[in-house]
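Residue-level structural notes
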Amino acid sequence: MAKLILSMDGLVLKEIQLLKERMSIGRKAHNDIQIDNMAISGEHAAVVTILSDSFLEDLNSTNGTLVNGQPVKKHFLKDGDVIELGKYKMKYLAAPVVTDEASPYDQSALQRSAAVETVAATGAAALLPAGTSPVSAAVPPLPSAVIQLRSGSNVGHQLQLTKQLTTLGKPGQVAVIAKRPQGYFLTHVEGAAFPTLNGQRIDTQARRLEDHDIIEIAGVKMEFFLKN
């Protein structure tokens, strides 16, 4: 799990686990991360975490937000990035990568691995149904996808979903579509008004998109398409 290390003048104050998809930062008590200092706006910034990725957004704060010494409005966080809010700093530590690599002392696991490699080397195709190749049996790649606007001044315009995270909406109501091996996921990021998916208001949890789903955000309808 990713976390933030809050410090001031080199003194570590606390360690904050990013337990929620959206963690708000600010001076007011309702924030997930409260920093009671007049240099910090009531609602200063937010960190949104989708699966293993996190990004920071400044919420039009009075004194601004820096990452690694540079002012930002939106920033995709990388391991070791330092967020600065006034005199306070928060170091972002990404979640550790979990691997299936066996311990060097797990001899049975090593033997199983060796057995699998032997089968592969001697003709794994024999284990597949007739007419099926090893390539076709693999997990299919994620198809490309687009969003097509169904209302508004740019009706008909298409947006290719090529980025890992695509932002939708406008200040005050923002959502993102995350591109993952399992599919495309819609998540609310900012604003009191939540997007709708096929006419139903979504909550704070990521929702997987299906072909021809209708999204409405900030008064604009759009359709999600999978491309063959």
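Structural data are supplied above this passage.
Everything numeric in this text was worked out from a predicted model, so none of it was measured. (Residues numbered from 1 in each chain as written. Predicted model: local features only at pLDDT ≥ 70, side-chain atom pairs only at ≥ 80, totals over all residues. Heavy atoms only, no water.)

Our focus in this paragraph is the overall build of the protein chain. On a plain count of helices and strands, the protein chain comes out with 2 helices and 21 strands. Going through the 228 residues of the protein chain one by one, you find that 35% of them count as buried. Surface accessibility of the protein chain: about 13,600 Å² in total, with carbon and sulfur atoms responsible for 54%. (Helix = DSSP H or I, 4+ residues; strand = E, 2+ residues; numbered from the N terminus. Buried < 20%, exposed > 50% of the residue type's maximum accessible area, 1.4 Å probe, protein only. Areas by Shrake-Rupley, 256 points an atom, 1.4 Å probe, with all protein chains shown as cover.)

This part covers the sheet that holds strand β16 (residues 183–190). An order of β14-β15-β16-β19 is seen for the 4 strands of this open sheet, with the pairing classed as antiparallel. Across the chains shown, the open sheet's two edge strands, defined by having one partner strand only, are β14 (165–170) and β19 (207–208). Pairing geometry for β16 and β19, over 2 bridges, is antiparallel. Within β19, the residue paired with Leu 186 across the bridge is Arg 207. (Pairing = 2+ DSSP bridges.)

Another point: the side chain of Thr 65. Relative to the assigned elements, Thr 65 resides in strand β7 (residues 65–67). Thr 65 sits in the buried class, given a relative accessible area of 2%. If sequence neighbours within four positions are ignored, Thr 65 has contacts with His 44, Ala 45, Leu 56, Asp 58, Gln 70, Pro 71, Val 72, Ile 83 and Glu 84. (Contact = heavy atoms within 4.5 Å.)

Within the secondary structure layout, Met 90 lies in strand β11 (residues 88–93). Discounting residues that sit within four places of it in the chain, Met 90 has contacts with Leu 4, Ile 5, Leu 6, Ile 25, Asp 81, Val 82, Ile 83 and Leu 85.

Next up on the list: the sheet that holds strand β13 (residues 158–160). The 6 strands are arranged β13-β12-β21-β20-β17-β18 in an open sheet whose pairing can be described as antiparallel. Of all the strands in the sheet, the pair left with one neighbour each is β13 and β18 (200–201).

Turning next to the nonpolar core. Formed by 21 residues in total, the largest nonpolar core has its most connected members in Leu 4, Leu 18, Ile 25, Val 47, Leu 56, Ile 83 and Met 90. Looking at this core element by element, the count peaks at 3 residues for β11. Once residues within four sequence positions are removed from consideration, Leu 56 is found in contact with Ala 45, Ala 46, Val 47, Thr 65, Val 67, Val 72, Lys 73, Lys 74, His 75, Leu 77 and Ile 83. The next biggest cluster of nonpolar side chains, apart from the first, holds 16 residues, and it includes Ala 145, Ile 217, Met 222 and Phe 224. (Core = buried A, V, L, I, M, F, W, Y, C linked by side-chain atoms within 4.5 Å.)

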